[in-house]
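Structural description and commentary
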Amino acid sequence: ARVAFVMDSLLRKIGLSGRSFVPMLIGFGCSVPAIMATRTLSSERDHKMTILLIPFMSCSAKLPIYALFTAVFFPQHGALVMILLYVTGMLLAVLAGLVFKDTLFAGNPVPFVMELPNYRLPSPKSVVLLIWDKVHDFITRAFTVIFAASIVIWVLQTFDVRFNLVADSSASMLAGIGRLIAPVFAPLGFGDWRAATALLAGFTMKEAVVSTLAVLAGGAGQLNTMLGTMFTPLTALAFLVFTLLYTPCIAAVTAVRRELNSRLSALKLVVLQTGIAWVVSFAVYQIGRLLGF
(Lines give C-alpha, C1' and ligand atoms only; values in the text may rest on other atoms or scores of the structure.)
Protein backbone atom coordinates (compact mmCIF):
# COMPACT_ATOMS: atom_id res chain seq x y z
CA ALA A 1 0.00 0.00 0.00
CA ARG A 2 2.82 2.41 0.82
CA VAL A 3 4.67 1.66 -2.42
CA ALA A 4 1.47 2.33 -4.37
CA PHE A 5 1.07 5.62 -2.52
CA VAL A 6 4.64 6.71 -3.22
CA MET A 7 4.41 5.80 -6.94
CA ASP A 8 1.00 7.34 -7.53
CA SER A 9 2.24 10.78 -8.57
CA LEU A 10 4.74 9.31 -11.04
CA LEU A 11 2.35 6.81 -12.62
CA ARG A 12 -0.31 9.47 -13.08
CA LYS A 13 1.99 11.12 -15.61
CA ILE A 14 1.43 8.11 -17.89
CA GLY A 15 -2.26 7.84 -17.06
CA LEU A 16 -2.25 5.21 -14.30
CA SER A 17 -2.84 5.22 -10.57
CA GLY A 18 -0.31 4.04 -8.01
CA ARG A 19 -2.13 0.72 -7.66
CA SER A 20 -0.77 -0.33 -11.06
CA PHE A 21 2.80 -0.31 -9.77
CA VAL A 22 2.56 -3.64 -7.94
CA PRO A 23 1.36 -5.72 -10.96
CA MET A 24 4.05 -4.09 -13.10
CA LEU A 25 6.69 -4.86 -10.47
CA ILE A 26 5.54 -8.51 -10.36
CA GLY A 27 6.01 -8.52 -14.15
CA PHE A 28 9.79 -8.59 -13.65
CA GLY A 29 9.31 -12.03 -12.13
CA CYS A 30 6.60 -13.51 -14.34
CA SER A 31 3.95 -11.92 -16.52
CA VAL A 32 1.27 -14.48 -15.62
CA PRO A 33 0.82 -13.61 -11.91
CA ALA A 34 1.36 -9.95 -12.81
CA ILE A 35 -1.56 -10.04 -15.22
CA MET A 36 -3.65 -11.90 -12.64
CA ALA A 37 -2.79 -9.22 -10.07
CA THR A 38 -4.41 -6.51 -12.21
CA ARG A 39 -7.84 -7.78 -11.16
CA THR A 40 -7.33 -5.85 -7.90
CA LEU A 41 -7.45 -2.54 -9.80
CA SER A 42 -10.75 -0.77 -9.23
CA SER A 43 -10.88 0.94 -12.63
CA GLU A 44 -11.52 -1.06 -15.82
CA ARG A 45 -9.46 1.52 -17.70
CA ASP A 46 -6.45 1.04 -15.40
CA HIS A 47 -6.99 -2.73 -15.54
CA LYS A 48 -6.74 -2.93 -19.33
CA MET A 49 -3.95 -0.39 -19.68
CA THR A 50 -1.79 -2.05 -17.02
CA ILE A 51 -2.18 -5.43 -18.76
CA LEU A 52 -0.90 -3.88 -22.00
CA LEU A 53 2.16 -2.42 -20.24
CA ILE A 54 3.18 -5.49 -18.23
CA PRO A 55 4.83 -7.30 -21.21
CA PHE A 56 7.36 -4.46 -21.44
CA MET A 57 8.75 -5.57 -18.08
CA SER A 58 11.51 -8.13 -18.69
CA CYS A 59 10.39 -11.34 -16.96
CA SER A 60 12.94 -13.64 -15.33
CA ALA A 61 12.38 -16.32 -18.00
CA LYS A 62 14.35 -14.15 -20.43
CA LEU A 63 17.46 -14.15 -18.21
CA PRO A 64 18.91 -17.37 -19.75
CA ILE A 65 18.77 -15.69 -23.19
CA TYR A 66 20.47 -12.56 -21.87
CA ALA A 67 23.09 -14.60 -20.01
CA LEU A 68 23.95 -16.72 -23.06
CA PHE A 69 24.27 -13.87 -25.55
CA THR A 70 26.09 -11.47 -23.24
CA ALA A 71 28.59 -14.21 -22.31
CA VAL A 72 29.30 -14.97 -25.99
CA PHE A 73 29.24 -11.47 -27.51
CA PHE A 74 29.72 -9.00 -24.62
CA PRO A 75 31.87 -10.82 -22.05
CA GLN A 76 33.42 -7.59 -20.76
CA HIS A 77 30.16 -5.63 -20.59
CA GLY A 78 27.54 -8.26 -19.79
CA ALA A 79 26.10 -6.45 -16.75
CA LEU A 80 25.83 -3.18 -18.67
CA VAL A 81 24.00 -4.85 -21.57
CA MET A 82 21.54 -6.53 -19.20
CA ILE A 83 20.86 -3.27 -17.37
CA LEU A 84 20.29 -1.51 -20.70
CA LEU A 85 17.76 -4.18 -21.70
CA TYR A 86 15.77 -3.74 -18.49
CA VAL A 87 15.90 0.05 -18.77
CA THR A 88 14.85 -0.11 -22.44
CA GLY A 89 11.77 -2.12 -21.51
CA MET A 90 10.80 0.35 -18.80
CA LEU A 91 11.36 3.40 -21.01
CA LEU A 92 9.24 1.88 -23.78
CA ALA A 93 6.52 1.11 -21.22
CA VAL A 94 6.51 4.79 -20.23
CA LEU A 95 6.38 5.85 -23.89
CA ALA A 96 3.55 3.39 -24.60
CA GLY A 97 1.68 4.65 -21.53
CA LEU A 98 1.94 8.24 -22.75
CA VAL A 99 0.55 7.19 -26.14
CA PHE A 100 -2.22 5.02 -24.68
CA LYS A 101 -3.49 7.66 -22.25
CA ASP A 102 -4.25 10.05 -25.13
CA THR A 103 -5.55 7.44 -27.59
CA LEU A 104 -6.91 4.06 -26.52
CA PHE A 105 -7.47 5.06 -22.89
CA ALA A 106 -8.21 8.76 -23.03
CA GLY A 107 -9.32 10.10 -19.67
CA ASN A 108 -8.02 10.45 -16.15
CA PRO A 109 -7.08 7.62 -13.78
CA VAL A 110 -9.34 7.04 -10.80
CA PRO A 111 -8.55 9.01 -7.63
CA PHE A 112 -6.11 7.22 -5.36
CA VAL A 113 -7.92 6.02 -2.27
CA MET A 114 -6.20 3.29 -0.26
CA GLU A 115 -5.99 2.47 3.41
CA LEU A 116 -2.44 2.40 4.77
CA PRO A 117 -2.59 -0.44 7.32
CA ASN A 118 -0.24 -0.74 10.25
CA TYR A 119 2.78 -2.94 9.81
CA ARG A 120 2.04 -6.36 11.29
CA LEU A 121 3.92 -9.64 11.24
CA PRO A 122 1.69 -12.12 9.38
CA SER A 123 0.86 -15.42 11.03
CA PRO A 124 2.45 -18.56 9.53
CA LYS A 125 -0.99 -20.00 8.83
CA SER A 126 -2.11 -16.99 6.77
CA VAL A 127 1.17 -17.02 4.82
CA VAL A 128 0.83 -20.73 3.97
CA LEU A 129 -2.81 -20.33 2.94
CA LEU A 130 -1.99 -17.34 0.74
CA ILE A 131 0.95 -19.14 -0.90
CA TRP A 132 -1.18 -22.21 -1.55
CA ASP A 133 -3.93 -20.10 -3.09
CA LYS A 134 -1.53 -18.34 -5.46
CA VAL A 135 0.41 -21.48 -6.40
CA HIS A 136 -2.78 -23.46 -7.03
CA ASP A 137 -4.11 -20.63 -9.20
CA PHE A 138 -0.87 -20.50 -11.20
CA ILE A 139 -0.67 -24.27 -11.69
CA THR A 140 -4.26 -24.66 -12.83
CA ARG A 141 -4.24 -21.63 -15.11
CA ALA A 142 -0.69 -21.36 -16.44
CA PHE A 143 1.12 -24.68 -16.08
CA THR A 144 -1.55 -26.62 -17.98
CA VAL A 145 -1.22 -24.22 -20.91
CA ILE A 146 2.59 -24.38 -20.83
CA PHE A 147 2.49 -28.18 -20.72
CA ALA A 148 0.14 -28.41 -23.72
CA ALA A 149 2.19 -25.90 -25.72
CA SER A 150 5.42 -27.75 -24.89
CA ILE A 151 3.93 -30.97 -26.29
CA VAL A 152 3.01 -29.16 -29.52
CA ILE A 153 6.53 -27.72 -29.87
CA TRP A 154 8.05 -31.15 -29.13
CA VAL A 155 5.95 -32.74 -31.87
CA LEU A 156 6.89 -30.02 -34.36
CA GLN A 157 10.56 -30.38 -33.43
CA THR A 158 10.62 -34.18 -33.52
CA PHE A 159 8.65 -35.06 -36.67
CA ASP A 160 8.62 -33.95 -40.30
CA VAL A 161 5.52 -33.03 -42.32
CA ARG A 162 4.76 -36.75 -42.89
CA PHE A 163 5.12 -37.41 -39.15
CA ASN A 164 8.27 -39.43 -39.63
CA LEU A 165 10.74 -39.26 -36.73
CA VAL A 166 13.67 -37.01 -37.73
CA ALA A 167 17.28 -37.66 -36.78
CA ASP A 168 18.19 -34.01 -37.36
CA SER A 169 16.02 -31.17 -36.03
CA SER A 170 16.80 -29.17 -39.17
CA ALA A 171 14.41 -31.50 -41.05
CA SER A 172 11.54 -31.07 -38.59
CA MET A 173 8.27 -29.23 -39.11
CA LEU A 174 9.38 -26.50 -36.70
CA ALA A 175 12.53 -25.89 -38.74
CA GLY A 176 10.39 -25.70 -41.89
CA ILE A 177 8.19 -23.05 -40.32
CA GLY A 178 11.35 -21.23 -39.19
CA ARG A 179 12.67 -21.17 -42.76
CA LEU A 180 9.33 -19.83 -43.94
CA ILE A 181 9.33 -16.83 -41.60
CA ALA A 182 13.10 -16.23 -41.51
CA PRO A 183 12.96 -13.51 -44.24
CA VAL A 184 10.83 -11.40 -41.87
CA PHE A 185 13.85 -11.08 -39.59
CA ALA A 186 16.40 -10.43 -42.33
CA PRO A 187 16.07 -6.61 -42.04
CA LEU A 188 16.86 -7.02 -38.33
CA GLY A 189 20.16 -8.76 -39.09
CA PHE A 190 19.25 -12.29 -37.99
CA GLY A 191 17.48 -13.84 -40.96
CA ASP A 192 18.93 -17.29 -40.17
CA TRP A 193 16.20 -19.95 -39.97
CA ARG A 194 17.66 -21.25 -36.71
CA ALA A 195 17.07 -17.89 -35.01
CA ALA A 196 13.49 -17.82 -36.33
CA THR A 197 12.92 -21.38 -35.09
CA ALA A 198 14.20 -20.49 -31.61
CA LEU A 199 11.90 -17.46 -31.45
CA LEU A 200 8.95 -19.66 -32.40
CA ALA A 201 9.80 -22.09 -29.60
CA GLY A 202 10.06 -19.13 -27.23
CA PHE A 203 6.33 -18.57 -27.59
CA THR A 204 5.79 -21.55 -25.27
CA MET A 205 8.22 -20.23 -22.68
CA LYS A 206 11.12 -17.88 -23.16
CA GLU A 207 13.72 -20.31 -21.80
CA ALA A 208 12.96 -22.50 -24.83
CA VAL A 209 14.88 -20.05 -27.05
CA VAL A 210 18.17 -21.20 -25.52
CA SER A 211 17.29 -24.92 -25.40
CA THR A 212 16.12 -24.86 -29.04
CA LEU A 213 19.34 -23.19 -30.18
CA ALA A 214 21.30 -25.84 -28.26
CA VAL A 215 19.37 -28.65 -29.99
CA LEU A 216 19.89 -27.09 -33.41
CA ALA A 217 23.60 -26.70 -32.66
CA GLY A 218 23.90 -30.42 -31.95
CA GLY A 219 24.52 -29.96 -28.24
CA ALA A 220 25.42 -27.32 -25.68
CA GLY A 221 29.13 -27.76 -26.45
CA GLN A 222 28.62 -26.55 -30.02
CA LEU A 223 26.25 -23.71 -29.13
CA ASN A 224 28.83 -20.94 -28.78
CA THR A 225 30.42 -21.89 -32.10
CA MET A 226 27.06 -21.85 -33.89
CA LEU A 227 26.12 -18.48 -32.39
CA GLY A 228 29.44 -17.07 -33.59
CA THR A 229 28.55 -18.02 -37.17
CA MET A 230 24.95 -16.76 -36.90
CA PHE A 231 25.43 -13.40 -35.17
CA THR A 232 27.74 -10.44 -34.87
CA PRO A 233 27.72 -8.32 -31.69
CA LEU A 234 25.34 -5.88 -33.41
CA THR A 235 22.90 -8.52 -34.65
CA ALA A 236 23.11 -10.25 -31.25
CA LEU A 237 22.06 -6.98 -29.61
CA ALA A 238 19.17 -6.62 -32.07
CA PHE A 239 18.14 -10.21 -31.27
CA LEU A 240 18.24 -9.47 -27.53
CA VAL A 241 16.05 -6.40 -28.01
CA PHE A 242 13.58 -8.45 -30.03
CA THR A 243 13.38 -11.17 -27.36
CA LEU A 244 12.90 -8.46 -24.75
CA LEU A 245 9.85 -7.02 -26.49
CA TYR A 246 8.18 -9.65 -28.67
CA THR A 247 5.00 -11.52 -27.78
CA PRO A 248 4.71 -12.81 -24.21
CA CYS A 249 4.65 -16.57 -23.70
CA ILE A 250 1.47 -18.50 -24.39
CA ALA A 251 0.65 -18.74 -20.67
CA ALA A 252 0.71 -14.94 -20.38
CA VAL A 253 -1.40 -14.57 -23.52
CA THR A 254 -3.90 -17.02 -22.06
CA ALA A 255 -3.95 -15.02 -18.81
CA VAL A 256 -4.72 -11.88 -20.85
CA ARG A 257 -7.58 -13.65 -22.60
CA ARG A 258 -9.06 -14.73 -19.30
CA GLU A 259 -8.65 -11.38 -17.56
CA LEU A 260 -10.11 -9.40 -20.46
CA ASN A 261 -12.52 -12.19 -21.43
CA SER A 262 -11.60 -11.64 -25.08
CA ARG A 263 -9.57 -13.73 -27.50
CA LEU A 264 -9.37 -10.76 -29.86
CA SER A 265 -7.72 -8.62 -27.17
CA ALA A 266 -5.13 -11.34 -26.56
CA LEU A 267 -4.43 -11.58 -30.29
CA LYS A 268 -4.09 -7.79 -30.51
CA LEU A 269 -1.54 -7.90 -27.68
CA VAL A 270 0.54 -10.51 -29.53
CA VAL A 271 0.49 -8.44 -32.74
CA LEU A 272 1.20 -5.18 -30.88
CA GLN A 273 4.17 -6.52 -28.92
CA THR A 274 5.68 -8.32 -31.90
CA GLY A 275 5.24 -5.23 -34.08
CA ILE A 276 6.93 -3.00 -31.49
CA ALA A 277 9.73 -5.56 -31.09
CA TRP A 278 10.32 -5.63 -34.86
CA VAL A 279 10.41 -1.84 -35.17
CA VAL A 280 12.74 -1.27 -32.20
CA SER A 281 15.04 -4.13 -33.18
CA PHE A 282 15.14 -2.80 -36.75
CA ALA A 283 16.07 0.65 -35.42
CA VAL A 284 18.86 -0.79 -33.25
CA TYR A 285 20.33 -2.76 -36.16
CA GLN A 286 20.10 0.00 -38.75
CA ILE A 287 21.42 2.71 -36.43
CA GLY A 288 24.26 0.40 -35.42
CA ARG A 289 25.16 -0.11 -39.08
CA LEU A 290 25.13 3.62 -39.73
CA LEU A 291 27.47 4.14 -36.77
CA GLY A 292 29.82 1.48 -38.15
CA PHE A 293 29.35 -1.25 -35.53
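Described in the following lines is the structure provided in the data block. (Residues numbered from 1 in each chain as written. Predicted model: local features only at pLDDT ≥ 70, side-chain atom pairs only at ≥ 80, totals over all residues. Heavy atoms only, no water.)

This part takes up the side chain of T212. By secondary structure assignment, the location of T212 is in helix α10 (residues 208-217). Leave out the neighbours within four places in its chain, and T212 touches Q157, T197, A198 and A201. (Helix = DSSP H or I, 4+ residues; strand = E, 2+ residues; numbered from the N terminus. Contact = heavy atoms within 4.5 Å.)

By the definition in use, this model includes four salt bridges. The shortest N-O distance in the salt bridge between E259 and R39 comes to 2.6 Å. One end of the pair, E259, is in helix α13 (residues 250-260); the other, R39, is in the loop between α3 (31-37) and α4 (44-53), and 220 residues separate them in sequence. Here R39 falls in the partly exposed class, since its relative accessible area comes to 41%. (Salt bridge = Lys/Arg side-chain N within 4 Å of Asp/Glu carboxyl O. Buried < 20%, exposed > 50% of the residue type's maximum accessible area, 1.4 Å probe, protein only.)

Within a pair of aromatic rings, the relevant descriptors are the distance that separates the centres and the angle that separates the planes. This structure, assessed with the given rule, holds 15 aromatic pairs. With a centroid separation of 6.2 Å and an interplanar angle of 80 degrees, the aromatic rings of F73 and F231 are classed as edge-to-face. Here F231 lies in the loop between α11 (223-230) and α12 (233-245) and F73 lies in helix α5 (residues 63-73), a separation of 158 residues in the sequence. Judged by relative accessible area, F73 falls into the buried class, the value being 13%. Ring geometry for F190 versus F242: centroids 6.1 Å apart, planes at 65 degrees, classification edge-to-face. Highlighted residues: F190 in the loop between α8 (173-185) and α9 (193-201) and F242 in helix α12, separated in sequence by 52 residues. F242 shares its class with F190; the two are buried. Here the aromatic cluster, defined as three or more aromatic residues joined through ring pairs, consists of F69, F73, F185, F190, F231, F239, F242 and Y246. Sitting over the ring of Y119, R2 keeps its end group 4.2 Å from the ring centre. Over the face of the ring belonging to W193 we find R179, whose NZ or CZ atom lies 4.2 Å from the ring centre. (Phe/Tyr/Trp six-rings, centres within 6.5 Å; stacked < 30°, edge-to-face > 60°. Lys NZ or Arg CZ within 6 Å of the ring centre and 35° of its normal.)

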